[in-house]
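# Results of the structural survey
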Amino acid sequence: MRVIVVGAGVIGLSCAVRLAESGYDVAVFARDLPLETTSAVSAAIWYPFQSAGDRVAGWARTTYREFAELAESEPSVRLRHGKEYLLEPTPNPVWADVLTDLERVGSPPPGFRDGWSFTTPVVEMPLYLRYLVKRLEAAGGTLNRAAFSALPNTAPIVVNCTGLGARLTAQDPTVTPVRGQVFTVEQFGLTEWLMADNGPEELCYVVPRSNDVVVGGTSQPGDWNLAVDDKTAGSILDRATALVPQLRKAKIIKHRVGLRPARPSVRCESVRTGDRQVIHCYGHGGSGMTLSWGCADEVLALVQSA
Ligand SMILES: Cc1cc2nc3c(=O)[nH]c(=O)nc-3n(C[C@H](O)[C@H](O)[C@H](O)COP(=O)(O)OP(=O)(O)OC[C@H]3O[C@@H](n4cnc5c(N)ncnc54)[C@H](O)[C@@H]3O)c2cc1C
(Lines give C-alpha, C1' and ligand atoms only; values in the text may rest on other atoms or scores of the structure.)
Protein backbone atom coordinates (compact mmCIF):
# COMPACT_ATOMS: atom_id res chain seq x y z
CA MET A 1 0.00 0.00 0.00
CA ARG A 2 1.20 3.49 -0.88
CA VAL A 3 1.85 5.93 1.98
CA ILE A 4 2.87 9.55 1.55
CA VAL A 5 4.94 11.12 4.33
CA VAL A 6 5.09 14.92 4.33
CA GLY A 7 8.21 16.28 6.05
CA ALA A 8 11.85 15.20 5.93
CA GLY A 9 13.09 16.14 9.39
CA VAL A 10 14.00 13.50 11.94
CA ILE A 11 10.31 12.67 12.54
CA GLY A 12 9.28 12.30 8.90
CA LEU A 13 12.36 10.25 7.98
CA SER A 14 12.12 7.94 11.02
CA CYS A 15 8.44 7.27 10.26
CA ALA A 16 9.23 6.76 6.57
CA VAL A 17 12.02 4.27 7.36
CA ARG A 18 9.80 2.27 9.73
CA LEU A 19 7.00 2.14 7.14
CA ALA A 20 9.24 1.30 4.15
CA GLU A 21 11.08 -1.42 6.09
CA SER A 22 7.68 -2.89 7.04
CA GLY A 23 6.73 -3.28 3.37
CA TYR A 24 4.82 -0.05 2.59
CA ASP A 25 5.45 1.84 -0.65
CA VAL A 26 6.63 5.13 0.87
CA ALA A 27 7.07 8.49 -0.85
CA VAL A 28 8.40 11.38 1.26
CA PHE A 29 7.76 14.97 0.14
CA ALA A 30 9.17 18.01 1.88
CA ARG A 31 9.55 21.72 1.36
CA ASP A 32 13.00 21.57 2.99
CA LEU A 33 15.29 18.60 2.39
CA PRO A 34 16.82 16.93 5.48
CA LEU A 35 19.92 19.13 5.87
CA GLU A 36 17.78 22.28 5.59
CA THR A 37 15.42 21.37 8.45
CA THR A 38 15.28 22.29 12.13
CA SER A 39 16.34 18.71 12.79
CA ALA A 40 19.71 19.38 11.16
CA VAL A 41 20.35 22.19 13.68
CA SER A 42 19.56 19.99 16.69
CA ALA A 43 22.31 19.34 19.24
CA ALA A 44 21.06 16.33 19.29
CA ILE A 45 21.29 14.73 22.66
CA TRP A 46 18.68 12.27 23.98
CA TYR A 47 16.90 14.28 26.68
CA PRO A 48 13.15 14.89 26.93
CA PHE A 49 12.83 18.70 26.82
CA GLN A 50 9.89 20.97 26.01
CA SER A 51 7.62 18.16 24.92
CA ALA A 52 4.48 17.29 26.78
CA GLY A 53 1.85 14.56 26.85
CA ASP A 54 1.38 11.34 28.78
CA ARG A 55 3.01 9.25 26.02
CA VAL A 56 6.28 11.20 25.94
CA ALA A 57 8.15 9.11 28.54
CA GLY A 58 7.25 5.87 26.73
CA TRP A 59 8.35 7.20 23.32
CA ALA A 60 11.57 8.48 24.90
CA ARG A 61 12.37 5.07 26.45
CA THR A 62 11.76 3.27 23.13
CA THR A 63 13.97 5.77 21.32
CA TYR A 64 16.77 5.47 23.90
CA ARG A 65 16.87 1.69 23.43
CA GLU A 66 16.82 1.97 19.63
CA PHE A 67 19.71 4.46 19.62
CA ALA A 68 21.68 2.37 22.12
CA GLU A 69 21.45 -0.52 19.65
CA LEU A 70 22.22 1.70 16.63
CA ALA A 71 25.32 3.03 18.40
CA GLU A 72 26.88 -0.41 17.97
CA SER A 73 26.86 -0.15 14.16
CA GLU A 74 26.09 3.43 13.01
CA PRO A 75 28.95 5.98 13.42
CA SER A 76 26.60 9.01 13.57
CA VAL A 77 25.11 7.66 16.83
CA ARG A 78 27.22 7.44 20.00
CA LEU A 79 26.54 6.78 23.63
CA ARG A 80 28.27 9.50 25.62
CA HIS A 81 28.57 10.12 29.33
CA GLY A 82 28.00 13.63 30.69
CA LYS A 83 26.63 15.85 33.46
CA GLU A 84 23.74 18.20 33.98
CA TYR A 85 23.88 20.89 36.70
CA LEU A 86 20.60 22.05 38.22
CA LEU A 87 19.70 25.30 40.00
CA GLU A 88 17.56 23.54 42.63
CA PRO A 89 17.41 20.07 44.22
CA THR A 90 15.34 18.05 41.71
CA PRO A 91 13.81 14.56 41.93
CA ASN A 92 14.58 12.03 39.19
CA PRO A 93 12.42 12.57 36.10
CA VAL A 94 9.93 9.81 35.13
CA TRP A 95 12.04 8.76 32.14
CA ALA A 96 15.17 8.27 34.26
CA ASP A 97 14.41 4.55 34.67
CA VAL A 98 15.79 3.89 31.17
CA LEU A 99 19.23 5.19 32.24
CA THR A 100 21.45 2.49 33.70
CA ASP A 101 24.11 4.72 35.28
CA LEU A 102 22.29 7.79 36.61
CA GLU A 103 24.17 9.24 39.59
CA ARG A 104 23.93 12.47 41.56
CA VAL A 105 26.87 14.84 41.13
CA GLY A 106 28.55 15.11 44.54
CA SER A 107 29.54 18.79 44.49
CA PRO A 108 28.03 20.91 41.70
CA PRO A 109 29.91 24.12 40.75
CA PRO A 110 29.04 27.48 42.43
CA GLY A 111 25.55 28.69 41.53
CA PHE A 112 24.13 25.15 41.23
CA ARG A 113 22.55 23.11 44.02
CA ASP A 114 22.11 19.73 42.34
CA GLY A 115 23.19 17.73 39.33
CA TRP A 116 23.36 14.28 37.85
CA SER A 117 25.49 12.34 35.41
CA PHE A 118 24.43 9.64 32.99
CA THR A 119 25.16 8.04 29.62
CA THR A 120 22.87 8.99 26.75
CA PRO A 121 22.79 8.83 22.93
CA VAL A 122 24.27 11.79 21.05
CA VAL A 123 23.43 11.90 17.35
CA GLU A 124 25.36 13.84 14.69
CA MET A 125 22.31 15.07 12.88
CA PRO A 126 23.76 16.01 9.47
CA LEU A 127 25.32 12.53 9.15
CA TYR A 128 22.39 10.73 10.75
CA LEU A 129 19.76 12.35 8.49
CA ARG A 130 21.78 11.20 5.46
CA TYR A 131 21.90 7.71 6.97
CA LEU A 132 18.10 7.70 7.36
CA VAL A 133 17.66 8.74 3.71
CA LYS A 134 19.94 5.86 2.63
CA ARG A 135 17.92 3.42 4.75
CA LEU A 136 14.69 4.75 3.26
CA GLU A 137 15.98 4.36 -0.29
CA ALA A 138 17.39 0.89 0.43
CA ALA A 139 13.87 -0.13 1.50
CA GLY A 140 12.39 1.22 -1.78
CA GLY A 141 11.20 4.61 -0.48
CA THR A 142 11.70 7.94 -2.27
CA LEU A 143 12.35 11.54 -1.19
CA ASN A 144 11.38 14.59 -3.26
CA ARG A 145 11.03 18.30 -2.70
CA ALA A 146 7.46 19.67 -2.70
CA ALA A 147 5.77 22.39 -0.66
CA PHE A 148 2.07 21.91 0.06
CA SER A 149 -0.51 24.40 1.21
CA ALA A 150 -2.78 21.45 2.05
CA LEU A 151 -1.89 17.78 2.57
CA PRO A 152 -1.87 15.79 -0.69
CA ASN A 153 -4.74 13.40 -1.48
CA THR A 154 -2.92 11.15 -3.93
CA ALA A 155 -2.52 8.20 -1.53
CA PRO A 156 -4.97 6.46 0.83
CA ILE A 157 -2.71 7.21 3.82
CA VAL A 158 -0.83 10.46 4.44
CA VAL A 159 1.51 10.95 7.42
CA ASN A 160 1.89 14.58 8.42
CA CYS A 161 5.36 15.24 9.91
CA THR A 162 5.63 18.91 9.05
CA GLY A 163 6.72 20.22 12.47
CA LEU A 164 6.04 23.94 12.68
CA GLY A 165 4.55 23.68 9.17
CA ALA A 166 1.49 22.01 10.74
CA ARG A 167 0.18 25.51 11.38
CA LEU A 168 -0.60 25.38 7.64
CA THR A 169 -0.89 21.67 6.78
CA ALA A 170 -3.13 20.83 9.77
CA GLN A 171 -4.48 24.35 10.32
CA ASP A 172 -3.15 24.00 13.87
CA PRO A 173 -2.30 27.35 15.54
CA THR A 174 -1.24 25.61 18.76
CA VAL A 175 2.13 24.71 17.18
CA THR A 176 4.44 27.63 17.88
CA PRO A 177 8.17 28.31 17.47
CA VAL A 178 10.69 28.19 20.28
CA ARG A 179 13.82 29.75 18.85
CA GLY A 180 17.15 28.06 19.51
CA GLN A 181 20.53 29.56 18.65
CA VAL A 182 23.74 27.51 18.72
CA PHE A 183 27.23 27.48 17.24
CA THR A 184 29.79 24.79 16.56
CA VAL A 185 33.48 24.96 17.45
CA GLU A 186 36.38 22.79 16.37
CA GLN A 187 36.86 19.69 18.49
CA PHE A 188 39.41 20.22 21.27
CA GLY A 189 39.41 16.70 22.70
CA LEU A 190 36.06 16.92 24.51
CA THR A 191 34.34 13.55 25.02
CA GLU A 192 31.66 14.25 27.67
CA TRP A 193 28.57 16.43 27.20
CA LEU A 194 27.54 19.08 29.71
CA MET A 195 24.22 20.81 30.36
CA ALA A 196 23.35 23.47 32.90
CA ASP A 197 20.01 24.75 33.98
CA ASN A 198 20.22 28.52 33.46
CA GLY A 199 16.63 29.66 33.78
CA PRO A 200 13.79 29.76 31.26
CA GLU A 201 15.21 31.36 28.08
CA GLU A 202 18.98 30.97 28.49
CA LEU A 203 20.17 27.41 28.08
CA CYS A 204 23.69 26.13 28.41
CA TYR A 205 24.87 22.95 26.75
CA VAL A 206 28.13 21.73 25.28
CA VAL A 207 27.80 18.58 23.19
CA PRO A 208 30.83 16.88 21.61
CA ARG A 209 30.62 15.21 18.19
CA SER A 210 33.34 13.51 16.16
CA ASN A 211 34.79 16.63 14.48
CA ASP A 212 33.15 19.52 16.31
CA VAL A 213 31.34 20.55 19.49
CA VAL A 214 27.84 22.08 19.58
CA VAL A 215 27.50 24.99 22.02
CA GLY A 216 24.08 26.34 22.95
CA GLY A 217 21.75 27.83 23.45
CA THR A 218 18.49 29.67 23.79
CA SER A 219 14.82 28.87 24.26
CA GLN A 220 12.82 31.86 23.01
CA PRO A 221 9.10 31.14 22.74
CA GLY A 222 7.17 32.87 19.95
CA ASP A 223 10.34 34.17 18.25
CA TRP A 224 10.38 33.49 14.48
CA ASN A 225 13.75 35.17 13.82
CA LEU A 226 16.05 32.82 11.90
CA ALA A 227 18.91 35.33 11.76
CA VAL A 228 21.94 34.78 13.98
CA ASP A 229 22.16 37.37 16.76
CA ASP A 230 25.79 38.24 17.62
CA LYS A 231 25.00 39.47 21.14
CA THR A 232 23.17 36.21 21.89
CA ALA A 233 26.14 34.23 20.56
CA GLY A 234 28.41 36.18 22.93
CA SER A 235 26.30 35.41 25.97
CA ILE A 236 26.04 31.71 25.00
CA LEU A 237 29.84 31.62 24.83
CA ASP A 238 30.18 33.35 28.23
CA ARG A 239 27.78 30.90 29.92
CA ALA A 240 29.45 27.88 28.39
CA THR A 241 32.99 29.08 29.05
CA ALA A 242 32.20 29.47 32.74
CA LEU A 243 31.72 25.69 32.86
CA VAL A 244 34.13 24.55 30.10
CA PRO A 245 37.04 27.07 30.12
CA GLN A 246 38.77 25.45 27.08
CA LEU A 247 35.97 26.91 24.94
CA ARG A 248 37.49 30.39 25.22
CA LYS A 249 40.27 29.36 22.81
CA ALA A 250 38.19 27.10 20.54
CA LYS A 251 37.69 28.20 16.94
CA ILE A 252 34.06 28.89 16.02
CA ILE A 253 33.01 27.10 12.83
CA LYS A 254 29.39 28.05 12.25
CA HIS A 255 26.38 29.75 13.90
CA ARG A 256 22.90 28.23 13.45
CA VAL A 257 19.33 29.04 14.44
CA GLY A 258 16.40 26.61 14.50
CA LEU A 259 12.74 26.92 15.48
CA ARG A 260 11.56 24.08 17.72
CA PRO A 261 7.98 23.04 16.89
CA ALA A 262 6.37 23.41 20.32
CA ARG A 263 2.80 22.34 21.13
CA PRO A 264 0.91 21.93 24.41
CA SER A 265 1.25 18.18 23.73
CA VAL A 266 2.82 16.20 20.88
CA ARG A 267 0.15 15.29 18.32
CA CYS A 268 0.36 11.66 17.19
CA GLU A 269 -3.06 10.46 16.06
CA SER A 270 -5.01 9.14 13.09
CA VAL A 271 -7.87 11.16 11.61
CA ARG A 272 -10.24 10.15 8.79
CA THR A 273 -10.43 12.97 6.22
CA GLY A 274 -12.79 12.22 3.29
CA ASP A 275 -11.59 8.99 1.67
CA ARG A 276 -8.07 9.07 3.11
CA GLN A 277 -6.54 8.52 6.51
CA VAL A 278 -4.28 11.26 7.83
CA ILE A 279 -1.84 10.40 10.59
CA HIS A 280 -0.51 13.49 12.29
CA CYS A 281 2.87 13.35 14.03
CA TYR A 282 4.20 16.79 14.93
CA GLY A 283 4.81 19.22 17.78
CA HIS A 284 7.88 17.55 19.31
CA GLY A 285 9.29 20.79 20.77
CA GLY A 286 12.86 20.30 21.98
CA SER A 287 12.70 16.49 21.80
CA GLY A 288 12.36 15.48 18.15
CA MET A 289 15.41 13.22 18.16
CA THR A 290 14.60 11.98 21.68
CA LEU A 291 11.11 10.79 20.70
CA SER A 292 11.73 9.86 17.05
CA TRP A 293 11.72 6.04 17.13
CA GLY A 294 8.96 5.81 19.72
CA CYS A 295 6.75 8.00 17.53
CA ALA A 296 7.75 6.11 14.37
CA ASP A 297 6.62 2.85 16.01
CA GLU A 298 3.31 4.44 16.94
CA VAL A 299 2.80 5.81 13.42
CA LEU A 300 3.48 2.33 12.00
CA ALA A 301 0.83 0.87 14.33
CA LEU A 302 -1.65 3.59 13.29
CA VAL A 303 -0.99 2.90 9.59
CA GLN A 304 -1.42 -0.84 10.14
CA SER A 305 -4.78 -0.31 11.83
CA ALA A 306 -5.99 2.33 9.30
C1 LIG B 1 19.00 24.65 18.69
C2 LIG B 1 18.19 23.38 18.82
C3 LIG B 1 18.68 22.33 19.59
C4 LIG B 1 17.93 21.16 19.72
N5 LIG B 1 18.45 20.14 20.46
C6 LIG B 1 17.75 18.99 20.58
C7 LIG B 1 18.30 17.90 21.31
O8 LIG B 1 19.40 17.98 21.86
N9 LIG B 1 17.56 16.75 21.38
C10 LIG B 1 16.35 16.63 20.77
O11 LIG B 1 15.73 15.56 20.88
N12 LIG B 1 15.81 17.66 20.08
C13 LIG B 1 16.47 18.82 19.98
N14 LIG B 1 15.94 19.87 19.29
C15 LIG B 1 14.56 19.77 18.80
C16 LIG B 1 14.48 19.06 17.47
O17 LIG B 1 15.37 19.63 16.56
C18 LIG B 1 13.04 19.14 16.93
O19 LIG B 1 12.13 18.62 17.88
C20 LIG B 1 12.93 18.32 15.66
O21 LIG B 1 13.83 18.82 14.70
C22 LIG B 1 11.52 18.31 15.10
O23 LIG B 1 11.59 17.45 13.98
P24 LIG B 1 10.46 17.44 12.89
O25 LIG B 1 10.86 16.40 11.91
O26 LIG B 1 9.12 17.37 13.52
O27 LIG B 1 10.51 18.91 12.24
P28 LIG B 1 11.52 19.58 11.20
O29 LIG B 1 12.91 19.12 11.36
O30 LIG B 1 11.25 21.04 11.29
O31 LIG B 1 11.01 19.04 9.79
C32 LIG B 1 9.77 19.45 9.27
C33 LIG B 1 9.69 19.02 7.82
O34 LIG B 1 8.39 19.34 7.33
C35 LIG B 1 8.52 20.04 6.11
N36 LIG B 1 7.38 20.91 5.87
C37 LIG B 1 6.87 21.84 6.71
N38 LIG B 1 5.81 22.44 6.12
C39 LIG B 1 5.66 21.87 4.89
C40 LIG B 1 4.76 22.05 3.81
N41 LIG B 1 3.78 22.96 3.87
N42 LIG B 1 4.89 21.28 2.69
C43 LIG B 1 5.88 20.36 2.61
N44 LIG B 1 6.78 20.15 3.61
C45 LIG B 1 6.66 20.89 4.73
C46 LIG B 1 9.81 20.83 6.29
O47 LIG B 1 10.28 21.31 5.06
C48 LIG B 1 10.69 19.74 6.92
O49 LIG B 1 11.18 18.88 5.91
C50 LIG B 1 16.66 21.05 19.11
C51 LIG B 1 16.19 22.10 18.32
C52 LIG B 1 16.93 23.26 18.18
C53 LIG B 1 16.41 24.37 17.32
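Residues numbered from 1 in each chain as written. Predicted model: local features only at pLDDT ≥ 70, side-chain atom pairs only at ≥ 80, totals over all residues. Heavy atoms only, no water.

## Description of the site of the ligand
Lining the immediate surroundings of the ligand are 37 residues, of which Asp-32, Ser-39, Phe-148, Gly-285 and Thr-290 lie closest. Note that an oxygen atom of the ligand is positioned 3.4 Å from one of the backbone N or O atoms of Val-10. Separating an oxygen atom of the ligand from a side-chain N or O atom of Thr-38 is a distance of 3.4 Å. Burial of the ligand by the protein amounts to 96% of the accessible area it has alone, namely 1000 Å². Elements with a contribution of two residues or more to the shell around the ligand: helix H1 (10–21), helix H2 (38–41), strand S8 (176–186), strand S13 (252–262) and helix H7 (288–304). Its residues placed into classes, the shell around the ligand shows 16 nonpolar, 18 polar and three charged. (Near = heavy atom within 4 Å. Polar contact = N/O pair within 3.5 Å; in protein donor to acceptor, adjacent residues only side chain to side chain. Areas by Shrake-Rupley, 256 points an atom, 1.4 Å probe, with all protein chains shown as cover. Helix = DSSP H or I, 4+ residues; strand = E, 2+ residues; numbered from the N terminus. Nonpolar A, V, L, I, M, F, W, Y, C, P; charged D, E, K, R; others polar.)

## Some thoughts on H1
An α-helix turns once every 3.6 residues. As a result, residues three or four positions apart point the same way. Helix length check: H1, at twelve residues, gives a terminal C-alpha distance of 16 Å against a target of 16 Å (1.5 Å per residue), a fit within 8%. Taking burial as the measure, the twelve residues of H1 include eleven buried ones, the bulk of the element. Looking at the residues trailing H1, positive phi occurs at Gly-23, about 105°. (Expected span 1.5 Å × (residues − 1). Buried < 20%, exposed > 50% of the residue type's maximum accessible area, 1.4 Å probe, protein only.)

## Let's talk about the UniProt feature "domain: FAD dependent oxidoreductase" (unreviewed entry) in the protein
Taken from the UniProt record, the annotation "domain: FAD dependent oxidoreductase" (unreviewed entry) applies to residues 2–299. In this annotation, residues 2–299 is assigned 25% helix and 33% strand; the end-to-end C-alpha distance for the span is 15 Å. (UniProt positions renumbered as here; feature names shortened; annotations may be inferred.)

## A short note on the sheet that holds strand S1 (residues 2–6)
Taken in spatial order, the six strands line up as S6-S2-S1-S7-S15-S14 in an open sheet, and their pairing is mixed. This sheet does not close on itself; its edge strands, each paired only once, are strand S6 (142–145) and strand S14 (267–273). Direction aside, neighbouring strands of the sheet carry axes that sit 20° apart on average. Both S14 and strand S15 (residues 276–282) contribute to a ladder of seven bridges, which runs antiparallel. Bridge pairing in S15 places Val-271 opposite Val-278. (Pairing = 2+ DSSP bridges. Axes fitted to C-alpha atoms, helices over the stretch in contact; angles between N-to-C directions.)

## Observations concerning the environment of Val-159
Counting through the fold element by element, Val-159 comes out in strand S7 (residues 157–160). Of the residues examined, Val-159 reaches a relative accessible area of 0% and is grouped as buried. C-alpha of Val-159 to C-alpha of Val-10: the two residues are 149 residues apart in sequence and 14 Å apart in space. Every residue in contact with Val-159, bar those within four places of it in the chain, is listed here: Val-3, Ile-4, Val-5, Val-6, Leu-19, Ile-279, Val-299 and Val-303. (Contact = heavy atoms within 4.5 Å.)

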